[in-house]
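Each chain, written out:
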Amino acid sequence: MRRTGLGIAVAVFATLGVIACGSSSRRSMVTLKGSDTMVILGQRWAESFMAAHPGAVIQVTGGGSGTGIAALINGTTDVCQSSRPMKDAERQQLQEKYGNPGTEILVARDGLTLYVHESNPLEALSIAQIKSVYTGEVTNWKALGGPDLPITVYGRENSSGTYEYFKEHVLGAADFAAAVQTLPGTAAVVNAVSMDPNGIGYGGAAYAKGVREVAVRKDEATPAVLPKEEFVRDGSYPISRGLFFYLRKAPEGGVQEFVSFVLSDSGQSVVTEVGYFPAR
Amino acid sequence: MNRPFPHAGLRPRGVGVGQRRREAIITFLLRVSAFTGVAGLLLIMVFVFMGALPVLVDPETQKEAGLAAFFATPLWQPVGDIPKYGLTPLLTGTLKVVIVAMLFAVPIGVLSAVFASEFAPPRLRELLKPAIEILAGIPSVVLGFFALIVTASWVQAVTGSVSRLNALNAGFALALGIVPVIFTVCEDALRAVPRSYREASLALGASRWQTAWSVTLPAAGAGVAAGILLGLARAVGETMIVLMASGNAALISASPLDSARTLSASIAAELAEVVVGSPHYSVLFFLGALLFVTTFIINVFAGLFIERLRQRLRGA
């Protein structure tokens, strides 16, 4: 019995030793946390960066823009990925804790996309029509020029940056209808819409697989455009947004190397591959 | 012999100070581990109730979200220019999903336990029990994902419901999660019924089904009730399954074909981004406290039933 105990103890210490050595050799570890919309993007950047810089470790996790900003303020992440600009209250917290309101870096752009089922014949919607669907004024596709079918409305949870962006830029002061089904993550929204002929949902452009994107017009007088790179860039796509990195202070060391990679041509080509739009 | 410690004579010879000291250390370690659990429970209780307290005592929070506000509005819209904290849709949503889940899970759980303990040949039972216990081991997020992708389409195909994700779908998936709880406790209770009960019943000419239904099941009744209650407690608190399968629309509706938002799913979905100390934060903790108290009461009753079963079988 005693010998077994000794064996276990040796094994435990050996393991601890290995872990300790392992972590001490990983000096240039950078953590990214935040927007669920940007998780895939962050991971691709991390993969390309790590391939080019052996020994560097970039760790990417999601949780939502707000979660990431909270982590930045609490000091548990180096970089916060956010799909919305930081709020004044959050900047103030950073200012109080670190003497810097946070460094904002625009790393990509996203066209907030409306998805419908592939069988849905509807081509385009105006912002006002989208608003009427999400506030519950319109509950049948017929009112939008579609078939006589009820609309099932999908959206994101109120902890997501996408939710806040959509509320601010599409609904304005109005509230979401109670009937809006909220799902955790854009992938879940896309999944639900892809299986629901009556469904409509919103989320990042990169996720539109197995669903159809709807062209959006700002008002009745302007042409409807799809969330394509040129339209997002020239601002004619009405609901596009910036995707940001936030740092506690000006980038340095491993973080700076990573940020300059992200903003380089090869970093920005990753953005296009994933399905978003370059920052520059 | 009239010694004060009747078991002292059982101690093996040659026990020295070292042995005694080792025993003392072991007892100490066991005691520490036992109380760690209790301490954890107390800490969680304090944490949750402290977080919820502003709803009851802080006038600043109560302006936005006091007890009165919970029933003043039929809307749950905690993020917005004018936050609305109507609890009615969350309470009806929780109730709806739990009722559907219990309607599926109680008959399946209890009847499969009766089959396993009374009717199944031993080899089949050896297969059935681990299979159902593996079902208990499936992470609830996997059950939820299954419900989101697969059963939602079945439910819609069968019922023709407008929304794919609804209370029926969530209740069905939730039932998969709680059947093992009900099954395991009921099966144990049934197996604890003494053989003599069954033998007496069969000797009087009752069939196996009559014996199972009118003798064994009532004899184990308190245990079966405990199993059902433990399943109920799990159903009320279960989060990931309903978060993924119910659609989470905060509607006030009695129809199981409408989407439903539960208390637990609201906490899971919203707590990630609330500002610490804000009214929304306190309200979510209040919901947590509500769930805690509910499951606590259910568990206490389950415990009472189990105690009753024990006494009854001991008395026999």
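Coordinates for the structure precede this section.
This section reports on the structure supplied with the text.

Thresholds applied
Within each chain, residue numbers correspond to sequence positions counted from 1 in written order. Lettering of chains starts at A and numbering of ligands starts at 1, both following the order in which they are written. Local features in this predicted model are restricted to residues whose pLDDT is 70 or higher, and side-chain atom pairs enter the listing and the counts only when it is 80 or higher, whereas totals over whole chains, interfaces and linings include all residues. In this description a helix means any DSSP run of H or I spanning at least four residues, a strand means any run of E spanning at least two, and both kinds are numbered starting from the N terminus. Here the C-beta atoms are placed from the backbone, and a residue counts as buried if at least 20 other C-beta atoms lie within 10 Å of its own, exposed if 12 or fewer do, and partly exposed otherwise. We call two residues in contact when the distance between their C-beta atoms, placed using the backbone, is within 7 Å. Here, strands pair whenever DSSP counts at least two bridges between them. Between the N-to-C directions of two axes lies an angle of 0 to 180 degrees, each axis being a line fitted to C-alpha atoms and, for a helix, fitted only over the stretch in contact. Working definition: roughly parallel below 35 degrees, roughly antiparallel above 145 degrees, roughly perpendicular at 65 to 115 degrees, and oblique for all remaining angles. Left-handed describes a crossing whose near helix is turned anticlockwise from the far helix by less than a right angle; the clockwise case is right-handed. Ten residues, namely Ala, Val, Leu, Ile, Met, Phe, Trp, Tyr, Cys and Pro, are considered nonpolar, four, namely Asp, Glu, Lys and Arg, are considered charged, and the remaining ones, Gly among them, are considered polar. Here, a nonpolar core denotes buried Ala, Val, Leu, Ile, Met, Phe, Trp, Tyr and Cys residues that are linked to one another through C-beta atoms within 7 Å.

### Some points on the overall build of chain A
Stage number 1. Looking only at helices and strands, chain A has ten helices and twelve strands in total.
Stage number 2. Counting only C-alpha atoms, chain A reaches 75 × 50 × 35 Å along its principal axes.
Stage number 3. The buried share among the 280 residues of chain A stands at 47%.
Stage number 4. Sequence separation of 24 or more characterises 71% of the internal contacts of chain A that already satisfy a separation of 6 or more.

### Comments concerning the overall build of chain B
Stage number 1. Looking only at helices and strands, chain B has 13 helices and two strands in total.
Stage number 2. Taking the principal axes of the C-alpha coordinates as reference, chain B spans close to 80 × 60 × 30 Å.
Stage number 3. Buried residues in chain B amount to 42% of all 316 residues.
Stage number 4. Across chain B, contacts joining residues at least 24 apart in sequence account for 74% of those joining residues at least 6 apart.

### Thoughts on the sheet that holds strand 2 (residues 57-61) of chain A
All names here are of chain A.
Stage number 1. Strand order in this open sheet of six strands is 2-1-3-11-4-12, and the pairing throughout is mixed. Of all the strands in the sheet, the pair left with one neighbour each is strand 2 and strand 12 (277-278).
Stage number 2. Two elements, strand 4 (residues 103-111) and strand 11 (residues 240-247), share eight bridges in a ladder whose sense is antiparallel. Across the sheet, residue G111 finds its bridge partner in strand 11, namely S240.
Stage number 3. Packing against the sheet, helix 2 (residues 39-52) makes contact with strand 1 (29-34), strand 2, strand 3 (79-82) and strand 4, and its axis sits at approximately 170° to strand 2.

### Details of the packing of helix 6 (residues 140-159) of chain B against helix 7 (residues 167-192) of chain B
Residue and element names in this part refer to chain B.
Stage number 1. Interaxial distance between helix 6 and helix 7 falls to 8 Å at its minimum, and their mutual angle equals 135°. By the angle between their axes, helix 6 is oblique relative to helix 7. Crossing angle aside, the handedness with which helix 6 passes helix 7 is right-handed. Residues S140, L143, G144, F146, A147, T151, A152, V155 and T159 of helix 6 touch helix 7, and the partners they reach there are L168, N169, A170, F172, A173, L176 and G177.
Stage number 2. Of the residues contributing to the contact of helix 6 with helix 7, the split by class is ten nonpolar, six polar and no charged.

### Quick look at the interface of chain A and chain B
Stage number 1. Across the contact, 24 residues belong to chain A and 26 residues belong to chain B.
Stage number 2. Split into classes, the residues belonging to the side of chain A that touches chain B amount to ten nonpolar, eleven polar and three charged.

### Describing the nonpolar core
Residues and elements named next belong to chain B.
Stage number 1. The biggest cluster of nonpolar side chains holds 160 residues, and the ones touching the most others in it are A101, A170, L174, I182, L229, I241 and A245.
Stage number 2. Looking at which element gives the most residues to this core, the answer is helix 7, with 17 residues.
Stage number 3. Discounting chain neighbours no more than four positions away, the residues touching A101 are G171, L174, A175, I178 and A235.

### Section: the sheet that holds strand 10 (residues 212-217) of chain A
Sheet strands line up and pair through hydrogen bonds in the backbone, either parallel or antiparallel.
All names here are of chain A.
Stage number 1. Within the open sheet, the six strands sit side by side as 6-10-5-9-7-8. Their pairing is mixed. Whereas interior strands pair on both sides, the edge strands pair on one side only; in this sheet they are strand 6 (124-126) and strand 8 (181-183). Strand-to-strand twist in this sheet, taken as the mean axis angle between neighbours without regard to direction, amounts to 35°.
Stage number 2. Judged from the three bridges that link them, strand 6 and strand 10 form a sheet pairing that is parallel. The residue bridging L125 from the neighbouring strand is V216, located in strand 10.
Stage number 3. Here helix 7 (residues 186-194) sits on the sheet and contacts strand 5 (113-116), strand 7 (152-156), strand 8 and strand 9 (199-203); the angle it forms with strand 9, its principal contact strand, is near 160°.

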